[in-house]
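# Chain and residue survey
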Amino acid sequence: MDTKALHALSYGLYIVSSFKGDKINGQIINTATQICAEPTVIGVIVNRNNLTHEYITSSQAFAVSILAQETPLKFIGTFGFKSGREIDKFAGVNYRRGVTQSPIVLDNTVAFLEAKVISHLDVHTHTIFVGLLTDAGIIKEAEPLTYAYYQQVKRGTTPKSASSYIADNKEEKIKMDKYQCSVCGYIYDPEKGDPDGGIKPGTKFEDIPADWTCPVCGASKDQFNKL
Ligand code: FE
């Protein structure tokens, strides 16, 4: 079996969000899909260990915010590599509560979908939540972010908790002078630098300022390991 075949699947990048009482949370998912048209039903896949899973189970509702192609890696990192049990992911983020009371992200969002859960399927580590569409709208005219663009152009990484995580990816291309974030797996490549973080292409890892942080998850420089 060649699991590289799984890399041929296409995905997007979304924030699925929900609430429990007056608490809200959201997380990155790459699987959100329309299941049928009449009535309009959508589905999302969420790791059972995540706080958002607990909130969807409690509220029986969720919102999907479809991210734009120009979404900064740090924004994705906050929702994708941090836990709502430790930080308030919505601090400093523009959002509004939808008709189900689920929080809809307004920053870096192309469009939103909101649904009431009508069914779910437990699949080992993950749950497929199936929801009846209760509201939807366009937030801004922009290109949606695909998972391929995130990985190939933005060079983002996949947390182990994601449904599409594959344990062996990328290892064969690693050179000696690359460094990897121990928190999220992001690889710093000196040839490419980190232009968004002010690090020019061709900058050795050792020459990066000490206050530089991981562009994906915000981990400090000393949390990187040489490959
Ligand atoms: Fe990181």
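### Regarding the overall build of the protein chain
Secondary structure assignment for the protein chain yields three helices and 12 strands. Taking 2.2 N^0.38 as the reference for a compact globule, 227 residues should give roughly 17 Å; the C-alpha atoms of the protein chain span a radius of gyration of 18 Å, in line with that estimate. Principal-axis analysis of the C-alpha atoms gives the protein chain an extent of 55 × 45 × 35 Å. Sequence separation of 24 or more characterises 62% of the internal contacts of the protein chain that already satisfy a separation of 6 or more. Of the roughly 11,900 Å² that the protein chain leaves accessible, carbon and sulfur atoms contribute 52%.

### Remarks on the environment of glutamate 191
Along the chain, the position of glutamate 191 falls in the loop between β11 (187-188) and β12 (224-226). Under the relative-accessibility criterion, glutamate 191 is labelled exposed at 54%. Residues glutamate 191 and glutamine 101, 90 residues apart in the sequence, show an inter-C-alpha distance of 46 Å.

### Regarding the sheet that holds strand β1 (residues 14-20)
Strand order in the open sheet formed by seven strands is β2-β1-β5-β8-β9-β4-β3, and the pairing between neighbours is antiparallel. The open sheet has two edge strands, β2 (23-29) and β3 (32-36), and neither has a second partner. Strand-to-strand twist of the sheet, defined as the mean angle between neighbouring strand axes without regard to direction, takes the value 35 degrees. Here 12 bridges tie strand β8 (residues 109-123) to strand β9 (residues 126-138), and the two strands are oriented antiparallel to one another. Residue pairing for β9: leucine 121 is matched across the bridge by isoleucine 128. Of the strands in this sheet, β1, β2, β4 (41-47), β5 (61-67), β8 and β9 are in contact with helix α1 (residues 51-59), which crosses β1 at around 55 degrees. Each of β1, β2 and β5 touches helix α2 (residues 73-81); the most contacted strand, β2, lies at about 110 degrees to it.

### Here's the deal with the sheet that holds strand β10 (residues 179-181)
The three strands lie next to each other as β11-β10-β12, forming an open sheet whose pairing is antiparallel. Pairing within the sheet leaves two strands with one partner each, and these edge strands are β11 and β12. The sheet contact formed by β10 and β11 spans two bridges and is antiparallel. Among the inter-strand pairings, glutamine 180 is bridged to a residue of β11, identified as isoleucine 187.

### Things to note about the pattern of salt bridges
Taken as a whole and assessed by the stated rule, the structure comprises four salt bridges. A salt bridge links glutamate 70 to lysine 140, with the shortest nitrogen-to-oxygen separation between them at 3.7 Å. With a gap of 70 residues between them, glutamate 70 in the loop between β5 and α2 and lysine 140 in the loop between β9 and α3 (147-152) connect regions that are remote in the sequence. Classification of glutamate 70 as partly exposed rests on a relative accessible area of 47%. Here lysine 178 makes a salt bridge to aspartate 189, at a shortest N to O gap of 3.9 Å. Here aspartate 189 lies in the loop between β11 and β12 and lysine 178 lies in the loop between α3 and β10, a separation of 11 residues in the sequence. Taking relative accessible area as the criterion, lysine 178 reaches 12% and is therefore assigned buried.

### Some words on the coordination of the iron ion
Only Cys181 (SG), Cys184 (SG), Cys214 (SG) and Cys217 (SG) from the protein coordinate the iron ion, and they sit 2.3 to 2.4 Å from it. Each of the four donor atoms around the iron ion contributes to a set of angles spanning 103 to 115 degrees, which defines the coordination as tetrahedral. Along the chain, the residues donating to the iron ion are arranged with the sequence spacing C-x2-C-x29-C-x2-C. The burial state of cysteine 214 is the same as that of cysteine 217; both residues are buried.

### Some words on the pairing of β1
Counting buried positions over the seven residues of β1 gives six, a clear majority of the element. Taken together, the seven bridges between β1 and β2 define a ladder with antiparallel strand orientation. If you follow tyrosine 14 over to β2, its bridge partner there is isoleucine 29. In this structure, the hairpin formed by β1 and β2 is closed by a connection of two residues, where glycine 21 is found at a positive phi of approximately 60 degrees.

### Quick notes on the environment of threonine 78
Turning to its location among the elements, threonine 78 is positioned in helix α2. For threonine 78, a relative accessible area of 24% gives the class partly exposed. Among residues more than four places away in sequence, those in contact with threonine 78 are Ile87, Lys89 and Val216.

Cut-offs applied
Residues numbered from 1 in each chain as written. Predicted model: local features only at pLDDT ≥ 70, side-chain atom pairs only at ≥ 80, totals over all residues. Heavy atoms only, no water. Helix = DSSP H or I, 4+ residues; strand = E, 2+ residues; numbered from the N terminus. Rg over C-alpha atoms; globule rule 2.2 N^0.38 Å. Contact = heavy atoms within 4.5 Å. Areas by Shrake-Rupley, 256 points an atom, 1.4 Å probe, with all protein chains shown as cover. Buried < 20%, exposed > 50% of the residue type's maximum accessible area, 1.4 Å probe, protein only. Pairing = 2+ DSSP bridges. Axes fitted to C-alpha atoms, helices over the stretch in contact; angles between N-to-C directions. Salt bridge = Lys/Arg side-chain N within 4 Å of Asp/Glu carboxyl O. Donors = N, O, S within 2.8 Å, 3.2 Å for Na, K, Ca; no water. Tetrahedral: all angles 85-135°; square planar, octahedral: opposite > 155°, others 65-115°.

Keep in mind these numbers describe shape, not what the thing actually does.
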